[in-house]
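# Coordinate inspection notes
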Protein chains: 2
Amino acid sequence: MFEIKYKDGAGRAGVFEVHGKKLEMPYLFPVINPKRQVLDVKEIEELGFNGIITNSYIIYRDPALRQSALEGGIHALLGFNGVVMTDSGSFQLYQYGSVEVSSREIVRFQDEIGVDIGVILDIPTPPDVGYERAERDLEETLTRAKEAARLSRKMLLAGTVQGSTYAGLRERAASGIAALGFDVHAIGGVVPLMEEYRFADLARVILHAKLKLGHAKPVHLFGAGHPVIFAFASLLGCDLFDSAAYALYARDGRYITARGTYKLEELHELPCSCEVCAEHSARELKGLEAEEREHLLAKHNLISCLEEIKRVRQAIYEGSLWELVEQRARAHPALLEALRVLKGYSAQLERLEPVTKRSAFFYSGMESLSRPAVARHIERLSWIERRGAELVLLPDCEKPYSRTYRLTSSERYHVCIASPVFGIIPLEIEETYPLTQHEGVATLDREQIAFMRRVIAEYAQRFTKVHYHTSLGFLGIEGEAFDEVSQFRFEGGEELKLRALADYQLGRGAGEVLFAGAKAEYSRRTGRIRRAFVDGELVATLRASDGIVVPTIAGAERLLRLRYPRCRVVVAEEARQFAKEGKSVFAKFVVDCDPEIRAMQEVVVVDESDELLATGTALLSAGEMLEFERGVAVKPRHRRR
Amino acid sequence: MFEIKYKDGAGRAGVFEVHGKKLEMPYLFPVINPKRQVLDVKEIEELGFNGIITNSYIIYRDPALRQSALEGGIHALLGFNGVVMTDSGSFQLYQYGSVEVSSREIVRFQDEIGVDIGVILDIPTPPDVGYERAERDLEETLTRAKEAARLSRKMLLAGTVQGSTYAGLRERAASGIAALGFDVHAIGGVVPLMEEYRFADLARVILHAKLKLGHAKPVHLFGAGHPVIFAFASLLGCDLFDSAAYALYARDGRYITARGTYKLEELHELPCSCEVCAEHSARELKGLEAEEREHLLAKHNLISCLEEIKRVRQAIYEGSLWELVEQRARAHPALLEALRVLKGYSAQLERLEPVTKRSAFFYSGMESLSRPAVARHIERLSWIERRGAELVLLPDCEKPYSRTYRLTSSERYHVCIASPVFGIIPLEIEETYPLTQHEGVATLDREQIAFMRRVIAEYAQRFTKVHYHTSLGFLGIEGEAFDEVSQFRFEGGEELKLRALADYQLGRGAGEVLFAGAKAEYSRRTGRIRRAFVDGELVATLRASDGIVVPTIAGAERLLRLRYPRCRVVVAEEARQFAKEGKSVFAKFVVDCDPEIRAMQEVVVVDESDELLATGTALLSAGEMLEFERGVAVKPRHRRR
């Protein structure tokens, strides 16, 4: 069973439970060669791995191994009690063009020898083959998948998405596989892309597969065993990896780091602190006997992979996965190219991007301007209702802006910062995520200037008049320049601020229903709005850390004036009572919801007759909470008394 | 004694020998608190540190410690036989405004207790103080420095550059300190810049100090103890660091990584493989008693610092320090800002940049276009003599370009690639560093396009006519568009190629004297030019790995036709015989040289009457080989028979 605990980008961290054994995701399966294993399974276990992957076809083809596996089971054969996944021979099929077993037979065999997660015998189509071959191969894979899915079995089964480098075929493959109820969705045929550093193509393959695979199953990126790609693939929603690279590279005398690979002879120092590198110098490693060197290199390589997987998990937990990916993209220009490709998939990625995170938004270059959080910000700017106002544009400065300039927006003047990271930041919403926690650079580049021009020009159209500070002349804004900021001096505007925040966070019209006529109570310590009242009734609080509007039950009642299913998570009758008692809403009881819900958004929990039960924080996006059978969809906050 | 072994950027890797004990540079001194040490000195030694730094003022002020240090010496007091450096109380001066000791007294004391490297009691001026105060403080520091420099002593002594955030004062301070013959040059007063993430200001402070400090002494950046800055400071030429952060952060429950710092409670995973992180989970660390937690955190923190120092040394060795810095710059926007600042110091940095490296040039974003290697390329383009030719511009493609397009430059057509990384790449020189080994991205950004336009427009002025491929229309080139590449088909042009390579690598006119009338011999294996003959005489070989022209003795004789001191390293009479015998030329015997010599360039070794002795590879830049008292300046290649 698969449960998401933390999300960032399209990446997921959580638990995959297989026959009572729990794998922390993202998880990396070390590949075990049943015939020649450079690292003992016990050593691998001691490093902290509780799942491995091996090749059932090799075992099937070797009479002694086969006999032993059939008699004692795969766990006894390998001397490993954790999760054992097996590949089915499709690598051999790719390598040698044919295998001497049918798909049905090898799936049965995997189940018979007690494998925890088996794989169908799919046809691995290389990149760039003719469309007809890719389609034919895919049809065969889907036929085999259907057959395998029908077989009764004790093990979990993975179905593999193929389709070469054709976006349409990858989508068709993913739809086909997703319909068959596999336990794991695998993406195959990507090893040649990895080997040729075609990370942009790899990104496209993953994105097109993910588009149709749904959310509810773990996704295994087959054969992506180098840490240079873990953060990137995780960002796109891959949960499981396997690595033969740690051992294959060791045999070649190659040393893996998350920043790339070295030949041992290129190393003057060992840039790592693992037990191998702490105990040996580069010179010592080079001087060892081949076998010992291979063993130590394999160990280092595997630790290096594990370290990066942990780094990715931590990044998902804290919400810095985009930042990690943007750093890793500088390990090779092909990774930077892959990052630039994501710009075209912004809408797809935005749906899975949480609305608030534990960590700040760090600008790292022009690619940061294409992050879904920026696209979302620009989209949501248009949700803020500001009829009849004049736009006032001020240059970026120290945050909080309203304190630096000692002013805020009024009925007449909608004051905004011309921001090199977000384009436009209205002062009303400056204290909410990601605006309040972002860090940029002072030295602007041409991409930032073009971006600011575009966002400002579009936003300015909504206003009757535009005033811009003379220092913004380089942006070519159509409007009236001014020098003196003080003419716009205004303090107050609390209702405007509350309404803008609600519009921005909860959608068009939310400010009107929640905060029309609202009065604010300020925190003595921070000077920020802490609570909002309408007609003396507390309707919402503002979270200090990220300016998120948290409606009370009274506020939630107001939000229900928005047309169904706006802001709502609808629970099934059987979970109604739990929700009412202020307990977590589990995804399997969610029968409907606002399709615009994003993870970490505040939501209203209702029953099927739209009766208010509670409020809470969505831990999943709309698509995820509708699909998942496991895990919490909404963490409760207030319940109706 | 200080010896450079490898160089990259302005960074240096090598050995600093202190009283017979060798420190590998860049080196990090862990700070030892003589009163409360969280990590035992023995533990620090076991991690691989053979030099530490402690505070002589604390010892001086504590009667028991002082007594013990005076009687048994600092090494016995600390239980450490490696290099002991001490600070002098200027940190206390900064912290508390005064100290109860004179500079003369504390310098004497350091020497008396047997310190290996002492420090003068300089005045640490904070950033942004008034100019007058900064200047007054600096005068006092320089007075103290003069006094200290005159004291007779057994220990090495460091003089500290102050001057707050004033470029002029930093330069004046550096000139003053450099004139006094200290053993170590320190840069002080930067801790507040580090604490406030003012890395751009830190870069300026280092660059202005380095400009006047000369090359021959190790440079210690005082108080820069976080790994996030090591690569960057090393790139700018800092060799020594000290870290109290490992312990101070541990006391605060903070966990250091090269990508930034975490509070322990923010960690869900430990993204590291050191002995502490291999043996504990984040949850376990959080649950420990305060003292044990502090101890383990300090150990992890120090290992994390050491790992980054090793990474920096490896990067200098392989020539990827710019790439490492550009990766690290994505750890925080303030580091990216600092990187952008370097654009303004390109000429200063270019003088120290090697002309060839073990590793490839990786483009990582617009900042890569401001690297000294790019500025140098554009400068050297103008060195290539191409009179009366027409310029032909082709789009970027797979390398080698001439093979992809099946053509090369002819007398009439000078064929170039419009390159998004180098602006212009003439086919004649495509196979030399850094052109042949560079990797870029396919998705161009506005900065790249503006850069290409600028370089192409300037270069095009030299030609009678410009032809550009229609696909380059977006560059707005003035000239004639063409579709059909084959009209320029030409193979051969070997003399043109050789002459262009010599001009590009050895300066204006080098092609004419070395290769006029040359014939090439091609490698059967690679199809590239391997050797060049003039009138049947071998004048040069071309190195396969990076296309560097390696003159023979006959070639060197021709190069001597270039006006003195072009291409030359002049050795003193006493070293004449050694050089003639084909031995290494040590820096201390270099009496003059071509000021345009860069590290890794091929040079001609002559005596003081300009008689040819040998050829070789410069391991240092011109400025360095003139200043250094130690180490090899020229690695020999051919000697005159």
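Being a predicted model, the structure only gives us computed values, none of them experimental.

For the rest of this paragraph, the subject is the overall build of chain A. If you tally the helices and strands in chain A, you get 26 helices and 30 strands. Against the globule reference of 26 Å for 641 residues, chain A gives a C-alpha radius of gyration of 27 Å, in line with a compact fold. Here the C-alpha coordinates of chain A stretch approximately 85 × 60 × 50 Å along the principal axes. Within chain A, the fraction of its 641 residues that count as buried is 63%. Residue pairs at least 24 apart in sequence account for 66% of intrachain contacts in chain A once pairs closer than 6 positions are excluded. Here chain A displays about 24,000 Å² of accessible surface, and carbon together with sulfur accounts for 47% of that area. Averaging the positions of the 85 positive and the 92 negative side-chain charges in chain A gives two centres separated by 3 Å.

With that settled, the discussion passes to empty space enclosed by the protein. For the coordinates displayed, the defined rule picks out 9 cavities of 30 Å³ or more. Roughly 360 Å³ of volume is contained in the largest cavity. Looking at the lining of the largest cavity, the elements with two or more residues in it are strand 12 (254-257) and helix 15 (290-318) of chain A together with strand 12 (254-257) and helix 15 (290-318) of chain B. A per-element tally of the lining of the largest cavity places helix 15 of chain B first, with 5 residues. When the residues that make up the lining of the largest cavity are grouped by side-chain class, the tally is 9 nonpolar, 7 polar and 9 charged.

Turning next to the interface of chain B and chain A. Taken together, the contact between chain B and chain A spans 50 residues of the former and 50 residues of the latter. Carbon and sulfur atoms supply 50% of the area buried between chain B and chain A, which totals about 4,600 Å² over both sides. When the buried area of chain B at its contact with chain A is split by residue, Arg259(B), Gln327(B) and Arg330(B) rank highest and sum to 15% of it. For Glu269(B), the salt bridge goes to Arg313(A), with nearest N and O atoms at 3.2 Å. Seen at the junction of chain B and chain A, the total is 28 residue pairs in polar contact (both at pLDDT 80 or more). Sorting elements by how many residues they give to the side of chain B that touches chain A places helix 15 of chain B first, with 8 residues.

For the rest of this paragraph, the subject is a positive patch on the surface. On the surface, a cluster of positive charge is made up of Lys5(A), Lys22(A), Arg283(B) and Lys286(B). One can find Lys22(A) in strand 3 (residues 21-25).

All names here are of chain A. Sheet architecture is open: 4 strands sit in the order 21-22-23-24, paired in antiparallel fashion. Bordering the open sheet on either side are strand 21 (519-522) and strand 24 (549-551), each of which pairs with just one other strand. Adjacent strand axes in the sheet meet at a mean angle of 30° when their direction is disregarded. Where strand 22 (residues 529-534) and strand 23 (residues 537-542) come together, 4 bridges link them in antiparallel fashion. What sits directly across from Phe533, in strand 23, is Leu538.

A word on the pairing of strand 29 (residues 612-618) of chain B. All names here are of chain B. Within strand 29, 7 of the 7 residues are buried, which leaves it mostly tucked inside the rest of the structure. By the bridge criterion, 5 bridges tie strand 28 (residues 602-606) to strand 29 in an arrangement that is antiparallel. Paired with Glu602 across the two strands is Thr617, which belongs to strand 29. In this structure, the hairpin formed by strand 28 and strand 29 is closed by a connection of 5 residues, where Asp610 is found at a positive phi of approximately 60°. In this structure, strand 29 lies alongside strand 30 (residues 632-639), joined through 4 bridges in antiparallel fashion. When the bridges of strand 30 are listed, Ala618 appears paired with Val634.

All right, on to the relation of the copies chain B and chain A then. The transformation that overlays chain B on chain A combines an axial shift of 0.0 Å with a rotation of 180°, and the residual RMSD is 0.0 Å. Accordingly, the operation relating the two chain copies is best matched by a two-fold axis.

Next up on the list: the nonpolar core. Soluble globular proteins: nonpolar side chains tend toward being buried together. Phe16(A), Leu221(A), Ile229(A), Leu342(A), Leu393(B) and Phe515(B) are the most contacted members of the largest nonpolar core, which has 227 residues in total. When near neighbours in sequence (up to four residues on either side) are disregarded, Phe16(A) contacts Met1(A), Phe2(A), Lys21(A), Lys22(A), Leu23(A), Met25(A), Ile117(A), Leu156(A), Asp183(A), Val184(A), Pro218(A) and Leu240(A). Judged by nonpolar contacts, the second largest core, of 225 residues, contains Ile120(B), Ala247(B), Ile309(B) and Ala338(B).

Further remarks concern the packing of aromatic side chains. In this structure the tally under the stated criterion is 22 aromatic pairs over all chains. Ring plane angle 80° and centroid distance 5.1 Å describe the contact between Tyr60(A) and Phe109(A), whose orientation is recorded as edge-to-face. Taken together, the residues span a long stretch of sequence, with Tyr60(A) in helix 2 (residues 56-61) and Phe109(A) in helix 6 (residues 103-112) at a distance of 49 residues. By relative accessible area, which is 11% here, Tyr60(A) ends up buried. Here Phe109(A) falls in the buried class, since its relative accessible area comes to 2%. Residues Phe482(A) and Phe488(A) carry aromatic rings whose centres are separated by 4.8 Å and whose planes lie at 65° to one another, so their mutual orientation is edge-to-face. Summarising the burial analysis for this pair, Phe482(A) and Phe488(A) share the class buried. In textbook terms, an aromatic cluster arises when at least three aromatic residues are bridged by ring pairs, as seen for Tyr413(A), Phe482(A) and Phe488(A). Arg254(B) extends its terminal NZ or CZ atom over the ring of Tyr249(B), reaching a point 4.0 Å from the ring centre.

A separate point is the sheet that holds strand 28 of chain B. Residues and elements named next belong to chain B. Read across the sheet, 6 strands follow the order 26-30-29-28-25-27 without closing on themselves; strand pairing throughout is mixed. Since the sheet does not close on itself, it has two edges, and those belong to strand 26 (585-586) and strand 27 (590-593), each with one partner. Relative to strand 27, strand 25 (residues 568-571) runs antiparallel, the two being bridged by 3 bridges. If you follow Val571 over to strand 27, its bridge partner there is Val590.

This paragraph deals with the domain arrangement of chain A. Split into domains, chain A comes out as domain 1 (26-251 + 332-347), domain 2 (361-481) and domain 3 (563-641). On a C-alpha basis, the centroid separation for the pair domain 1 of chain A and domain 3 of chain A is 35 Å.

Glancing now at the packing of helix 10 (residues 199-213) of chain A against helix 17 (residues 333-341) of chain A. Residue and element names in this part refer to chain A. At a closest axis distance of 7 Å, the pairing of helix 10 and helix 17 adopts a crossing angle of 35°. Viewed along their axes, helix 10 and helix 17 form a crossing whose handedness is right-handed. Contact with helix 10, carried on its side by Phe199, Ala200, Ala203 and Arg204, involves Ala334, Leu335, Glu337, Ala338 and Val341 of helix 17 and no other residues of that element. Of the residues assigned to the contact of helix 10 with helix 17, the class counts are 7 nonpolar, no polar and 2 charged.

What follows covers the pairing of strand 25 (residues 568-571) of chain A. All names here are of chain A. Going residue by residue along strand 25, you find Arg568 and Val570 tucked away on one face and Val569 and Val571 tucked away on the opposite face as well. Note: strand 25 against strand 28 (residues 602-606), 3 bridges, orientation parallel. The residue bridging Val570 from the neighbouring strand is Val606, located in strand 28.

Let us now look at the confidence of the model for chain A. Of the residues in chain A, 100% have a pLDDT of 70 or more, and the chain-wide mean is 96. Reported confidences for the modelled complex are a pTM of 0.97 and an ipTM of 0.96.

Here we come to the pattern of salt bridges. Following the criterion strictly, the structure yields 106 salt bridges over all chains and no others. The partner of Glu140(A) in a salt bridge is Arg144(A), and the shortest N-O contact between them spans 2.7 Å. Taken as a pair, Glu140(A) and Arg144(A) lie in helix 7 (residues 131-150) at a separation of 4 residues, close to a single helical turn. A residue is classified by how much of its surface remains accessible, and Glu140(A), at 33% relative accessible area, is partly exposed. Look at Arg144(A) and you get buried, because its relative accessible area is 18%. Where Arg153(B) meets Asp183(B), a salt bridge forms, and the shortest distance between an N and an O atom there is 3.2 Å. In this pair, Arg153(B) is assigned in the loop between helix 7 (131-150) and strand 8 (156-161) and Asp183(B) in the loop between helix 8 (167-178) and strand 9 (184-187), connecting sequence segments 30 residues apart. Classification of Arg153(B) by relative accessible area gives partly exposed; the value is 27%. Taking relative accessible area as the criterion, Asp183(B) reaches 22% and is therefore assigned partly exposed. Connected via shared salt-bridge partners are Asp128(A), Glu196(A), Arg198(A), Asp201(A) and Arg204(A).

Reading guide: rules and limits
- Residues numbered from 1 in each chain as written.
- Chains lettered and ligands numbered in written order.
- Predicted model: local features only at pLDDT ≥ 70, side-chain atom pairs only at ≥ 80, totals over all residues.
- Heavy atoms only, no water.
- Helix = DSSP H or I, 4+ residues; strand = E, 2+ residues; numbered from the N terminus.
- Rg over C-alpha atoms; globule rule 2.2 N^0.38 Å.
- Buried < 20%, exposed > 50% of the residue type's maximum accessible area, 1.4 Å probe, protein only.
- Contact = heavy atoms within 4.5 Å.
- Areas by Shrake-Rupley, 256 points an atom, 1.4 Å probe, with all protein chains shown as cover.
- Lys, Arg positive; Asp, Glu negative; His and termini not counted.
- Charge placed at Lys NZ, Arg CZ, Asp CG, Glu CD.
- 1 Å grid on protein atoms, 1.4 Å probe; cavity = no way out; pocket = protein on both sides within 12 Å on 5 of 7 lines; lining within 4 Å.
- Points joined across faces, edges and corners; volume = space filled by probe spheres on them.
- Nonpolar A, V, L, I, M, F, W, Y, C, P; charged D, E, K, R; others polar.
- Buried area = accessible area lost by both parts, 1.4 Å probe.
- Salt bridge = Lys/Arg side-chain N within 4 Å of Asp/Glu carboxyl O.
- Polar contact = N/O pair within 3.5 Å; in protein donor to acceptor, adjacent residues only side chain to side chain.
- Patch = residues over 30% accessible without salt bridge, like charges linked within 9 Å, V, L, I, M, F, W, Y side chains within 5 Å.
- Pairing = 2+ DSSP bridges.
- Axes fitted to C-alpha atoms, helices over the stretch in contact; angles between N-to-C directions.
- Least-squares fit on C-alpha atoms with pLDDT ≥ 70 in both.
- Core = buried A, V, L, I, M, F, W, Y, C linked by side-chain atoms within 4.5 Å.
- Phe/Tyr/Trp six-rings, centres within 6.5 Å; stacked < 30°, edge-to-face > 60°.
- Lys NZ or Arg CZ within 6 Å of the ring centre and 35° of its normal.
- Domains from an automatic or database assignment.
- Left-handed = near helix turned anticlockwise from the far one by under 90°.
- pLDDT = per-residue confidence, 0-100.

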